[in-house]
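Residue-level listing of the chains:
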Amino acid sequence: MDLAYIPSPSTGVIHLGPIPLRGYAFCIILGVFVAVWLGNKRWIARGGTAGTVADIAVWAVPFGLVGGRLYHVITDYQLYFSEGENWVDAFKIWEGGLGIWGAIAFGAVGAWIGCRRRGIPLPAYADAIAPGIAFAQAIGRWGNWFNQELYGKPTDLPWALKITESANREAGLYHPTFLYESLWCVGVGFLVIWADRRFKLGHGRAFALYVAAYCSGRVWTEYLRVDEAHHILGLRLNVWTAIVVFLLAVLYMVVSARVRPGREETVEPRSRKPVDTEKADDAGDADAEGAGSGDADSGKAAADADPDGSGDSADAESDDVENGAGNGAGSAAKG
C-alpha cells in the first residue's frame, strides 16, 4: 500500500464556463509574465526605462515558442511522422512538447531584433531577464505535471509521482523529474540574482551563468527520465546538448571577463528632443538685436557722462561699449 505520493491531475484542462483553459498553456503564460515582470524591475535598476523589456519580449516570446516547438518536433520526429502517427499533431503545442534549447536559441534571435530596433545591447538585456527565464522554466515545468509527461524511473519514495494509465503510458509511481527540474530552476534564478549583485556581472555574463547552471542540472534530471529519446554513445541527445552548451557558456564567461570586464554604464540610450533650427535662428537674431540696442544705449550714456567733451570718460566708456558689443556678438553666434 502506497502511503504517500504526488497525485497527477485527472485532466489537463480546466473549463472556465465555455472556455477551456489548458494547464500546460496556463503555466507557459504565467512563466512568461513572471519573466517579463522581474526582467522589467532589473532593467530599471540597471538604468533602463520601464516597458522596454515587455516591448522586446513581443519579439522574443513568439520566436521562442516557434523555436521550442521546432526543436521538439525535429528531435522527436517519430512521434509525428512515423507510420500510424498523424503529422498534424506536430502543431498541437497545447499537448506539450517544447524544447528549451530551441526556445532559448530562437528567443535570442527575436530579442536581438527587438534590441536592434531600440538601440539596446543584447547582452545587457539578456543579463536583465536571465533569472526571470529560470523562474519561468520552473513554472512551465508544472505544465508537464498537468499532461502527465516527462517523469522519471519507477520509485517508491514518498514524493513519487503517480501516473495513470493511458494509450502511451503505464500506470505506476515514478520520479517526478518535472518537480526536480522546477526546483533546480528556482535555485538557478536565485543564484544568478546573488552572483549579479555580488560580482556586478555585465556584458552577458549573468545570462551565461544561468545557462551553465541550468545545463548542469539538466544532465542529472535527464538521466532519470524514461521517455523515448535518441541516444548517442549511450547518452540521451539532451544530455550531450546540455554538456556542449554548458562548456560554451563557461567559455563565454571566461573570455568576456577578460575582454570586457565590469558592467555596462549605460544600457539604454536616452531620447533627446530634436533641435528646431528655425527657432534657434530666431533666437540668434534676437540676441544680435539686443546687442545692437545695447551699443546705442551705452553710447548715449557715455555722451551724457562727459558733457564738457574732455574725452576721458568717453574713452573709458568706449572700452565698455566695445566689450559689450563683443559679448553681444558672441551671444548671437552661440544662439
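Presented here is a report on the structure given in the accompanying data block. Sequence positions are assigned chain by chain, starting from 1 and proceeding in written order. Local features are withheld for residues below a pLDDT of 70 in this predicted model, meaning they are given only at 70 or higher, and side-chain atom pairs are given and counted only at 80 or more; totals for whole chains, interfaces and linings count all residues. Side-chain figures throughout are based on the complete set of non-hydrogen atoms in the structure, without hydrogens or water.

**Quick notes on the packing of aromatic side chains**
Here is step 1 of the chain: Note on ring pairs: Phe, Tyr and Trp rings are taken, using the six-membered ring of Trp, and paired if centres are within 6.5 Å. Classes follow the plane angle, with under 30 degrees stacked, over 60 edge-to-face and the rest tilted. All chains considered together, the criterion is met by 12 aromatic pairs.
Here is step 2 of the chain: Residues Trp-184 and Trp-220 carry aromatic rings whose centres are separated by 6.0 Å and whose planes lie at 75° to one another, so their mutual orientation is edge-to-face. Within this pair, whereas Trp-184 is found in helix 7 (residues 177-199), its partner Trp-220 is found in helix 8 (residues 205-224), the two being separated by 36 residues in sequence.
Here is step 3 of the chain: One aromatic cluster is present, built from ring pairs that chain together Trp-142, Trp-145, Phe-146 and Phe-178.
Here is step 4 of the chain: The ring centre of Tyr-223 lies 4.2 Å from the NZ or CZ of Lys-153, which sits over that ring. The secondary structure listing takes helices from DSSP runs of H or I that are at least 4 residues long and strands from runs of E that are at least 2 residues long, numbered from the N terminus. Working rule: Lys NZ or Arg CZ, within 6 Å of ring centre, within 35 degrees of ring normal, means a charge sits over the ring.

**Here's the deal with the nonpolar core**
For soluble globular proteins, the rule of thumb is that nonpolar side chains tend to be buried together.
Here is step 1 of the chain: Trp-43, Trp-101, Tyr-125, Val-192 and Tyr-210 are the most contacted members of the largest nonpolar core, which has 36 residues in total.
Here is step 2 of the chain: Among the secondary structure elements, those contributing two or more residues to this core are helix 2 (52-75), helix 4 (100-118), helix 5 (122-140), helix 7, helix 8 and helix 9 (237-259).
Here is step 3 of the chain: By the convention used here, residues are in contact when the closest approach between their heavy atoms is within 4.5 Å. Contact partners of Trp-101, with chain neighbours within four places excluded, come to Tyr-71, Tyr-214, Cys-215, Arg-218, Asn-238, Thr-241, Ala-242 and Val-245.
Here is step 4 of the chain: Residues enter a nonpolar core if they are buried and are Ala, Val, Leu, Ile, Met, Phe, Trp, Tyr or Cys, with the set joined through side-chain atoms within 4.5 Å. Only protein chains enter the accessibility calculation, which uses a 1.4 Å probe; a residue is then buried when its area is under 20% of its type maximum, exposed when over 50%, and partly exposed in between. One finds Trp-145, Tyr-151, Tyr-174 and Leu-179 within the second-largest nonpolar core, a separate group that totals 9 residues.

**Details of helix 7**
What sets the pattern is the α-helix's 3.6 residues per turn: residues three or four places apart point alike.
Here is step 1 of the chain: The terminal C-alpha atoms of helix 7 lie 32 Å apart, and with 23 residues this matches the ideal 33 Å at 1.5 Å per residue to within 8%.
Here is step 2 of the chain: Lys-200 lies just past helix 7 and shows a positive phi near 50°. Between the first and last residue of a helix there are one fewer steps than residues, each counted as 1.5 Å, and that sum is the expected span.

**Re the pattern of salt bridges**
Here is step 1 of the chain: We define a salt bridge as a side-chain nitrogen of Lys or Arg found within 4 Å of a carboxyl oxygen belonging to Asp or Glu. Under the counting rule described, the total for this entry stands at 12 salt bridges.
Here is step 2 of the chain: Salt-bridge contacts for Glu-264 lead to Arg-46; the nearest nitrogen and oxygen are separated by 2.7 Å. Placement of Glu-264 in the loop between helix 9 and helix 10 (277-305) and of Arg-46 in the loop between helix 1 (23-45) and helix 2 is noted, with a sequence separation of 218 residues between them.
Here is step 3 of the chain: Salt-bridge contacts for Arg-236 lead to Asp-227; the nearest nitrogen and oxygen are separated by 3.3 Å.
Here is step 4 of the chain: Owing to a relative accessible area of 24%, Asp-227 belongs among the partly exposed residues under this scheme.
Here is step 5 of the chain: Counted as one network, the salt bridges with shared partners bring together Arg-218, Glu-222, Arg-225, Asp-227 and Arg-236.

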